[in-house]
Each structure stands twice: as structure tokens, then as C-alpha cells.
Amino acid sequence: MKERVAILGATGYSGRELVERVLSHAHLELKAAACRNDAGKRLDQVMPGAPPQPLIELNQIELDRVDTVFLCLPHGASAQWAERALQANCRVIDLSADFRLNDSALYRQVYGLEHPCPQRLAEAVYGLSELHRNEIPRHRLIANPGCYPTSILLGLAPLLRAGLLQGLVIADSKSGVSGAGRSAAVANLFGEVSDNVRPYQVGDKHRHRSEMLQQIQAYGGKSELLFVPQVVPCFRGMLSNLYVKLPDGDMAALYRDFYAKDPFVQVLEECATMAHTRGSNRCAISLHPLPDQGKLLIISSIDNLVKGAAGQALQNLNLALGLPESEGLL
Ligand SMILES: NC(=O)c1ccc[n+]([C@@H]2O[C@H](COP(=O)([O-])OP(=O)(O)OC[C@H]3O[C@@H](n4cnc5c(N)ncnc54)[C@H](OP(=O)(O)O)[C@@H]3O)[C@@H](O)[C@H]2O)c1
């Protein structure tokens, strides 16, 4: 029997990626693709080149006929649908930030709204697949990580787990404009993004910083994080340059061992670039010791819409169902 899946927010950038991958997945059946404004149309009429998937209104979804719900909605709206889907006994994989922070007061402070269902926060598992693959199958609510946190935490994880991450981490991260989603905003117009690199929410202002600090602390790290996100003139892709104190030892061997069994994380000899991961669920990492400066530079590349969103969400469902992690993702 195939797992029956619904995708809410199917007309967004990450929703579209999920529709394509769910439709070609051998063990999944796409029961419904829903959105707010384009119900009644097909997805290819809204997003050229997308599959001709019929779109329905969010309220038309019959949750009692669905096993897993992917939420590709803005935060706030996502939590409301998560509550409804959990009450209907569905598994929920939420791509928004609504269940990534484990503290409702911190959520209020970071996202500026009361959490719609704070009692659910303790039920969620943080869906960074490589670090939580054993816990994911035990949870009905999976909080897919943010795209910046995915690129940065995968870059830091071997050091963190070995207790070798010390002092300040400087994360200089570049994202394609699709990281901001499909809704209209002047800052995302072609004329603003092309021929430009735009740092934004520099320092401690970006919302993903709290998510990353919470995870660093959960793995026993005490590091501070200086985070400089930037929009670069491409549609998709993400690259993080991470500067940390240079630990003793063979870092390349540490990273290769740590990710030896992971189908999607590659530790490269050459410099990781956005091109290494574009359109794929891979994370490409390269390591660059800088002994004269006492630093290790870790470069981590993902596709924000795949490993940073839809691909990792599907990887998490594969884990939850006990399927090979890479099913439908290669
Ligand atoms: N883009 C990324 O790289 C990325 C990476 C990781 C996580 N995420 C997170 O994943 C979620 C989806 O991101 P996205 O970039 O795919 O977004 P998006 O392109 O802006 O699409 C959002 C989708 O949600 C619908 N929607 C918007 N506002 C809604 C509301 N108030 N109630 C119900 N539906 C609403 C939209 O439909 P209409 O157009 O019909 O309103 C659309 O289908 C967000 O929470 C985002 O933070 C995104």
C-alpha cells in the first residue's frame, strides 16, 4: 500500500519541488495538492514546466484520507494546519519554522506572534536527517530545518559531535533569491537582485540564528554565532563559508568518517561550489585549514529548495516509513 500524501502550499517554490518528487516516488501517492489562490487550476498553468497536477483549496483536503501532510506554508499558517492534521491522525512534515524552536516564548520573540499550538512544540523532532535519523521514525511531527541552518549545521556537525567546536563561528552565507519564497516583494525583483549581492539582517538579526544556536547547544556546543546572510543573483542555491577555530588533528579524516554512510553528504577534495549541489538533495562540504590565521574554513553547499526544503522533507518521510533514505531523491 502506498503512503497517501497531501501537499499544502503546492504553488510555492518548495511545494512545487515536492509535487514533482512525490509524483515520481514509487511508494507515495499524491492525494491532494492544495493552495490558496489558484485552486481549480493545474500546477503547470501556474508554474510553467511543472507537472499538470490539479490544485484544490486548502479546505477541500480530506485529512481522514491522507497519511502524511507536507506543509509548505508560511509560519503561523503552517502551525494551524499542523494542529488540524495531527488531530486527524496524519503525520506532519512542516517546512516552515513553526516547530523548529522548542520554546514558545522564544518563538514569540523571534517570529513576533503567539504560537498557535505551543502544546505541540514538545512533540516535534528537528528534521535534520543526518543527525536525527534514529529519532525521526518515532515522531508524528517533523520540523524540517531552515535552509541556512541545514547548510551551516551540516558543515559544523562533525566538529560539534567530536567536542571540537570552540569559540566564535562566523557564518558568511549566500542564498539564491528563491530562499525568500514566491510572494511579491520589491527586494526580490529582478532589477534589485541582478548584478547585486545584498547582505541582509546582518549579525544577530536573522531568525535562523536562534534555530542554529538552539541546535548547537543541543549538541553540547557553547559557540557564539556571527551570521551574515546575503542574497546573490541566482534563483536557487546556497553556499556557507564557515570560519571556526582550527582544531588539532586530521579534519578531512574526521569529516569523511562522520559522513561515510550518508548518501547525500559529500566531503570534497576541491572547493565546494553551488554547482556541486544545484537541483539535488546533496550537501557538498570542503575543508580549508588556515594555520597562519588559526582558522578552519568549512565551505558547505546545498540547494536551498531541495536539501534545504523539499528534498530533506522527503528524505525525512523515507526515514519515517523505513524506506531507503534516498528513495525518489537520486
Ligand atoms: N524557499 C526556501 O528556500 C525555503 C527553504 C526552507 C524552508 N522554507 C519554508 O517553507 C515554507 C514555504 O516556503 P516557499 O519558499 O515554498 O514559499 P512560497 O514560495 O512563498 O509559497 C507559499 C505557499 O503557501 C501559500 N500561502 C501563502 N500564504 C498563505 C497563508 N497565509 N495561508 C495559506 N497558504 C498560504 C501560497 O499560496 P498562494 O500563492 O495561493 O497564497 C504558496 O502555495 C515557508 O515557511 C518557508 O519559510 C522555504
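Residues numbered from 1 in each chain as written. Predicted model: local features only at pLDDT ≥ 70, side-chain atom pairs only at ≥ 80, totals over all residues.

### A word on the site of the ligand
In the vicinity of the ligand there are 31 residues, among which Gly9, Gly12, Ser96, Gly181 and Arg182 approach most closely. Of all the secondary-structure elements, those providing two or more residues to the shell around the ligand are α1 (13-23), α3 (77-87) and α10 (306-321). Examining the composition of the shell around the ligand, we find that 3 residues originate from one element, α1, more than from any other. A class-by-class count of the residues in the shell around the ligand yields 12 nonpolar, 16 polar and 3 charged. For the shell around the ligand, the two domains that each supply at least three residues are domain 1 (3-145 + 308-321) and domain 2 (148-303). (Near = placed C-beta within 6 Å. Helix = DSSP H or I, 4+ residues; strand = E, 2+ residues; numbered from the N terminus. Nonpolar A, V, L, I, M, F, W, Y, C, P; charged D, E, K, R; others polar. Domains from an automatic or database assignment.)

### Some remarks on the domain arrangement of the chain
Taken domain by domain, the chain comprises domain 1 (3-145 + 308-321) and domain 2 (148-303). On a C-alpha basis, the centres of domain 1 and domain 2 stand 24 Å from each other. Contacts between domain 1 and domain 2 engage 18 residues on the former and 20 residues on the latter. Mapped onto the side of domain 1 that touches domain 2, the elements with two or more residues apiece are α4 (104-111), α5 (129-132) and α10. (Contact = placed C-beta atoms within 7 Å.)

### Thoughts on α10
Look at α10: only 19 Å from first C-alpha to last across 16 residues, short of the 22 Å you get at 1.5 Å a residue. Its maximal kink placed at Gln312, α10 deviates by approximately 45 degrees. Summarising burial for α10: 15 of the 16 residues are buried, a large majority. Downstream of α10 by one or two residues, Gly322 has phi in the positive range, about 75 degrees. (Expected span 1.5 Å × (residues − 1). Bend = angle between axes of the 7 residues up to and from the residue. Buried ≥ 20, exposed ≤ 12 C-beta atoms within 10 Å, placed from the backbone.)

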